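One letter stands for each residue in the lines below.
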Amino acid sequence: MNAGRLVYKTILQISKQYSSNRLPLTGIVGFSQSRFRYPVSQAVKEVFNAQRDNPDLDSGFKAIKQLQAQYGVLNDAGPIEQVSYAIWQQSLQQASQQLPSPLAASAAVLWGGFVASKMLRHPHPDADLAESPLRDLHQASQAAHAIGVPLGTRVVAGWANLNRKLHLLAEQVRQAAPAGLFDAVVLPGHTPSSDTHMEQLHCITKTLFHKDRFRQEPYEWVYDGLKPLDIVDVVHTNKGISLTLAVSFLGIARHLGIPMSMVPIPEAPVPEVAIPANIRRRQATQTIATAPEPAAWLLRTEWPAQFAIDACQDPALQLPDANSSLQPCFVNPLKASVMSQEECQKQNPHMRMDIPWLWDVSLISVLAEFARVAITAHQRRGESDAVAFWMYQLMALDTMAPEWQHVMPS
């Protein structure tokens, strides 16, 4: 057995160890190309096949070392964190076993938001696990898939209520829309036009943001609590942040059969400005560190990816040609605006428009953002135990999280 194959098999054995201990493995610390990929073994296999003739053994051995160190950090967490890991791991595993499509991934994102909402209500880490809402989530996740949970669990009522509310909102959109707008089906050789896609999104936007007044109001975590981050609360109060408003829109679009994904708006690069040394020193002593603000999110239609999955399931369907009618449309939930790709690029010139849709990136990046915002909220509220809990959740979901720098052995 050559050295490259030995490295590959060792990494696979370690990934199985994660799985057997119900630890989520969403990447390798220090390896950005594996971030948000699930299962990581598939990403490793792709790298191995690409380097079969000339393997990068140094990177392979580093990956083994990092995976073992990651395992030690996650496995040493407390019982509440361990149960949370099992919930994420089982949910991701169930999602990966389905034929991934944007509509299925939308359901998985909604389930992830629901899970995060339940975790926001978790008790003090020293509390009895039997009294924790995580216990019910754990039981549900053992047989859950991206769209539902097994009957007989208490958590099913909350999940059903969330979907019922989104279904009612979707029906409001359908009734207010022109007749047949959401009844179009993809036929061989026929693709709804981009104008139809835009009109569908305008109808959702009008109902959600204008009629029902879903919005982000000024909030402060210290006084307002965690409600803007709680997707269950958001769909009933109509008030949230960019993340939860986008998840709500995503859930309604799924009920209407519109495949969409959530994409973060990257921060615009800050131009370098020459600051005199004496001013820089004076500012350094006056700077107060504050927790970062939550990221802003857009929604993007994913018709090409959905068509490709549909064609795999039904060979009678023909894949549409890659033409302008398949250009994605975007929605900004904070501005209640619908944009073409060209309009979105003008408003966000630093944003890449050519990034392909990947179900694991689409799902896990959103879950990691829930954890990241929860950390910010609990930091502002001075709740150190909850901060520690969500830091472990963030590290389990995002191997590029800066928190890893403080816990990995040097």
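Residues numbered from 1 in each chain as written. Predicted model: local features only at pLDDT ≥ 70, side-chain atom pairs only at ≥ 80, totals over all residues. Heavy atoms only, no water.

**Topic: the pattern of salt bridges**
Here is step 1: The tally for this structure, following the rule as stated, stands at 10 salt bridges.
Here is step 2: Between Glu-171 and Arg-174 there is a salt bridge, and its shortest N-O distance comes to 3.5 Å. Of this pair, Glu-171 and Arg-174 both sit in helix H7 (residues 155-176), three residues apart, which is roughly one turn of that helix.
Here is step 3: Look at Glu-171 and you get partly exposed, because its relative accessible area is 25%.
Here is step 4: The partly exposed category is assigned to Arg-174, whose relative accessible area is 28%.
Here is step 5: Measuring nitrogen to oxygen at the nearest pair gives 3.9 Å for the salt bridge that ties Glu-217 to Lys-239. Remark: Lys-239 occurs in the loop between helix H10 (231-237) and helix H11 (242-255) and Glu-217 occurs in the loop between helix H8 (194-211) and helix H9 (221-224); sequence separation between them is 22 residues.
Here is step 6: Connected through shared salt-bridge partners, Arg-215, Glu-217 and Lys-239 make up one network. (Salt bridge = Lys/Arg side-chain N within 4 Å of Asp/Glu carboxyl O. Helix = DSSP H or I, 4+ residues; strand = E, 2+ residues; numbered from the N terminus. Buried < 20%, exposed > 50% of the residue type's maximum accessible area, 1.4 Å probe, protein only.)

**Some thoughts on the sheet that holds strand E2 (residues 297-301)**
Here is step 1: If you trace the four strands from one edge of the open sheet to the other, you get E1-E2-E3-E4, paired in antiparallel fashion. What marks the edges here is a single partner per strand, and that holds for strand E1 (260-264) and strand E4 (337-340). Going across the sheet, the axis of each strand differs from the next one's by a mean of 30 degrees, ignoring polarity.
Here is step 2: Examined bridge by bridge, E1 and E2 share five bridges and lie antiparallel to one another. Each bridged residue has a counterpart across the sheet, and for Met-260 the counterpart in E2 is Thr-301. (Pairing = 2+ DSSP bridges. Axes fitted to C-alpha atoms, helices over the stretch in contact; angles between N-to-C directions.)

**Some words on the environment of Glu-403**
Here is step 1: With respect to the helices and strands, the residue Glu-403 is situated in the loop between helix H16 (384-397) and helix H17 (404-407).
Here is step 2: Sequence-wise, Glu-403 and Tyr-392 are 11 residues apart; in three dimensions their C-alpha atoms are separated by 8.8 Å.
Here is step 3: With residues near it in sequence (within four places) discarded, Glu-403 still touches Ile-375, Met-391, Leu-394 and Met-395. (Contact = heavy atoms within 4.5 Å.)

**Thoughts on the environment of Ser-193**
Here is step 1: One can find Ser-193 in the loop between H7 and H8.
Here is step 2: When the C-alpha positions of Ser-193 and Gln-327 are compared, they lie 9.8 Å apart, and in sequence the two are 134 residues distant.

**Focus: the packing of helix H4 (residues 79-97) against helix H5 (residues 102-120)**
Here is step 1: Close contact between H4 and H5 brings their axes to 11 Å; oriented N to C, the two are set at 170 degrees. One finds that H4 runs roughly antiparallel with respect to H5. Contacts between H4 and H5 involve Ser-84, Ile-87, Trp-88, Ser-91 and Ala-95 from the former and Ala-108, Trp-111, Gly-112, Val-115, Ala-116 and Met-119 from the latter.
Here is step 2: Of the residues belonging to the contact of H4 with H5, the class tally is eight nonpolar, three polar and no charged. (Parallel < 35°, antiparallel > 145°, perpendicular 65-115°, else oblique. Nonpolar A, V, L, I, M, F, W, Y, C, P; charged D, E, K, R; others polar.)

**Quick notes on the side chain of Glu-369**
Here is step 1: Relative to the helices and strands, Glu-369 is located in helix H15 (residues 359-381).
Here is step 2: Of the residues examined, Glu-369 reaches a relative accessible area of 5% and is grouped as buried.
Here is step 3: A polar contact is formed between the side chain of Glu-369 and the side chain of Arg-372, at a distance of 2.9 Å.
Here is step 4: In this structure, Glu-369 is in contact with Leu-243, Pro-294, Ala-295 and Trp-297, ignoring residues within four places of it in sequence. (Polar contact = N/O pair within 3.5 Å; in protein donor to acceptor, adjacent residues only side chain to side chain.)

**Re helix H1 (residues 3-20)**
Here is step 1: In this model, H1 (18 residues) spans 26 Å end to end at C-alpha, consistent with the 26 Å of a helix rising 1.5 Å per residue.
Here is step 2: Considered for burial, the residues of H1 that qualify are Gly-4, Val-7, Tyr-8, Ile-11, Ile-14, Ser-15 and Tyr-18. The arc enclosing the buried residues of H1, seen along the axis, measures out at 125 degrees, which places them on a common side. Opposite the buried face of H1, by more than 90 degrees, sit the exposed residues Gln-13, Lys-16 and Ser-20. (Expected span 1.5 Å × (residues − 1). Arc of directions from axis to C-beta.)

**Overview of the packing of aromatic side chains**
Each aromatic ring pair is described using two quantities: the centre-to-centre distance and the angle formed by the ring planes.
Here is step 1: For the coordinates displayed, the defined rule picks out eight aromatic pairs.
Here is step 2: Aromatic side chains Tyr-38 and Trp-359 sit 6.5 Å apart centroid to centroid with 80 degrees between the ring planes, which places their arrangement in the edge-to-face category. One end of the pair, Tyr-38, is in the loop between H1 and helix H2 (40-50); the other, Trp-359, is in helix H15, with 321 residues separating them in the sequence.
Here is step 3: Judged by its relative accessible area of 13%, Trp-359 falls in the buried class.
Here is step 4: Where Phe-114 meets Trp-159, the ring centres are 5.5 Å apart and the plane angle is 55 degrees; that geometry is what we call tilted. Of this pair, Phe-114 sits in helix H5 while Trp-159 sits in helix H7, and the two are 45 residues apart along the sequence. As far as the burial class goes, Phe-114 and Trp-159 line up, both buried.
Here is step 5: In this structure an aromatic cluster arises from ring pairing among Trp-111, Phe-114 and Trp-159. (Phe/Tyr/Trp six-rings, centres within 6.5 Å; stacked < 30°, edge-to-face > 60°.)

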